[in-house]
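# A structural walkthrough
Letter by letter, the chains look like this.
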Amino acid sequence: MRTTAVANQSARILALEKETRSELWRQTVEAIENYAERDDLPLAIETDAQKIRAELKAYDFASPRTPAEVLEFALEFLPRNQIHASSRRFFGFFDSSPSTMGVIAETLAAAFNPQVGVWSTSPGAVEIEQHLICAFGEKFGYERSLVDGTFTSGGAEANHTALLAALTKTFPDFGEKGLRSLDKQPAIYISAEGHHSVLKAVRSSGIGAKFVRSVRVKSDLKMDVDDLCAKIAEDKNSGLRPFLIVGTAGTTAAGTIDPLDQIADVATRENLWFHADAAWGGAAMIVPEMRHLFAGIERADSITFDPHKWLSVPRGIGMFLTRHARVLSDTFHVEPSYVPASNSAASDVIDPFTHSIQWTRRFIGLKLFLTLAACGWEGYAEIIRHQVEVANYLRQELEKSGW
Ligand SMILES: *Cc1c(COP(=O)(O)O)cnc(C)c1O
């Protein structure tokens, strides 16, 4: 009897009493609802680290506080110490306001807490994510039957995945024997406007930042394909092994799209992996009349796309997509004795932990699924069209005023 009482008591420490919970939820929902309506939130923060740390000093965790007090602190402290990209007055970086269905999905994912490492423990969640991977793969022009991919924490992890996939595909011994077994030093090509997450991936994979070739851009800030070819030829002559070209489809600073079709030609001719980093720009693939801007992306061996940017899905959610169905398994497959495999040779079921960098992970895809299902491709197309119109108007007015 005593053990039951202790168990009940310890369960309550984390789960809380039903009445307490209901009241906390009521306050939370009210605060989120009010937040979406507020126009008075700071767009510049007037504080400093000392002030914030002084407030946090009160939390030494020596004794518990009431959940109500802790929640009140969070609801007061957080908005005061954050820039609010959701504000109607925010004209800064491309941080988006989170979709309501996305915020709801985050709550559900946390509450139901499926283990998305393994198919057999969370088949619904894993299948929802695979369903989205196929839908987005097709949107980017891949043949549905070939599409594979994985959800990631964001674009950086997706680019890292691309690098490892390209290494594994190009150098079959890489996974087993490592970089030092290769007879030639691998080299990578990305424009000077490309994203620096690729540099971090290169460092953490052991390739060495020196072997990332920064390809010149033309005056329109797009990759200069002549310079790309020249650098590849130069490196081959000096004994390196070019293996990966990263083309950016929507650069972070200026939003330009590299000449993807020409890059695909070079990659085919030279037998290199072509990765398209469409982290934010890729969202415009949803708009039928904008798709031509991305001509050639369907020829990419893999694609990075970030729903937490232009699709307004709450952070963090990125996607790695590929048209090489086996490459993720070849790159990440492991067979631990402590995880019951759901993946028999006869089934087409995927255990995500054998398919990605992450292992235990949250249900990343739900917030995209609920948001997209509720607005449809057409809803997103309408939003993106409107935003492009606003941007064009801003540009015209700036040009008129001689900016
Ligand atoms: C934002 C961005 C990334 C990095 O993605 P995170 O989601 O921040 O990890 C990579 N590439 C491009 C082009 C980006 O704009």
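Our subject is the structure that appears above.
Notes on the structure in this doc start here. Residue numbers here run from 1 along each chain, matching the order of that chain's written sequence. Residues qualify for local features only when their pLDDT is at least 70, as the model is predicted, and side-chain atom pairs are given and counted only at 80 or more; totals for whole chains, interfaces and linings, by contrast, use all residues. Derived side-chain values reflect all non-hydrogen atoms in the structure, with water molecules and hydrogen atoms excluded from consideration.

### Side note on the site of the ligand
This is how the line gets drawn: Only heavy atoms are used to decide nearness, and a residue is near a molecule or strand if one of them lies within 4 Å of it. Throughout this description, a polar contact denotes any pair of N or O atoms lying within 3.5 Å of each other; where both atoms belong to protein, one of them has to be capable of donating a hydrogen while the other can accept it, and for residues adjacent in sequence the pair is counted only when both atoms sit in side chains. The nonpolar class holds Ala, Val, Leu, Ile, Met, Phe, Trp, Tyr, Cys and Pro. Asp, Glu, Lys and Arg form the charged class, and all remaining residues, Gly among them, are polar.
Near the ligand you find 15 residues, and of these A156, D277, D306, H308 and K309 are the closest. The contact in question runs from an oxygen atom of the ligand to an N or O atom on the backbone of A156, over 2.8 Å. D277 is positioned with one of its side-chain polar atoms (N or O) 2.6 Å from a nitrogen atom of the ligand. Looking at the shell around the ligand residue by residue, the classes come out as four nonpolar, eight polar and three charged.

### Section: helix α7 (residues 155–170)
A turn of α-helix holds 3.6 residues, and therefore any two residues three or four places apart point the same way. For clarity, the cut-off: Think of it this way: any DSSP run of H or I at least four residues long counts as a helix, any run of E at least two long counts as a strand, and we number them from the N terminus. Multiplying 1.5 Å by the residue count of a helix minus one yields the expected span of that helix. Three labels apply to residues, based on accessible area from a 1.4 Å probe with only protein chains included: buried if under 20% of the type maximum, exposed if over 50%, partly exposed otherwise in between.
Relative to the 22 Å expected for 16 residues at 1.5 Å per residue, α7 spans 22 Å between its end C-alpha atoms, a close match to the ideal helical length. Among the 16 residues of α7, 13 are classified as buried, and the element is accordingly described as predominantly covered.

### Some words on the pairing of strand β6 (residues 302–305)
Defined as follows: Should DSSP find at least two bridges between two strands, the strands are regarded as paired.
Of the two faces of β6, both are covered, the one formed by S302 and T304 as well as the one formed by I303 and F305. Bridge count between strand β5 (residues 273–277) and β6: three bridges; the pairing is parallel. Looking at β6, one finds that A276 is bridged to I303. Where β6 lies against strand β7 (residues 318–322), four bridges are found, and the strand directions are antiparallel. Note on β7: the bridge partner recorded for S302 is T322.

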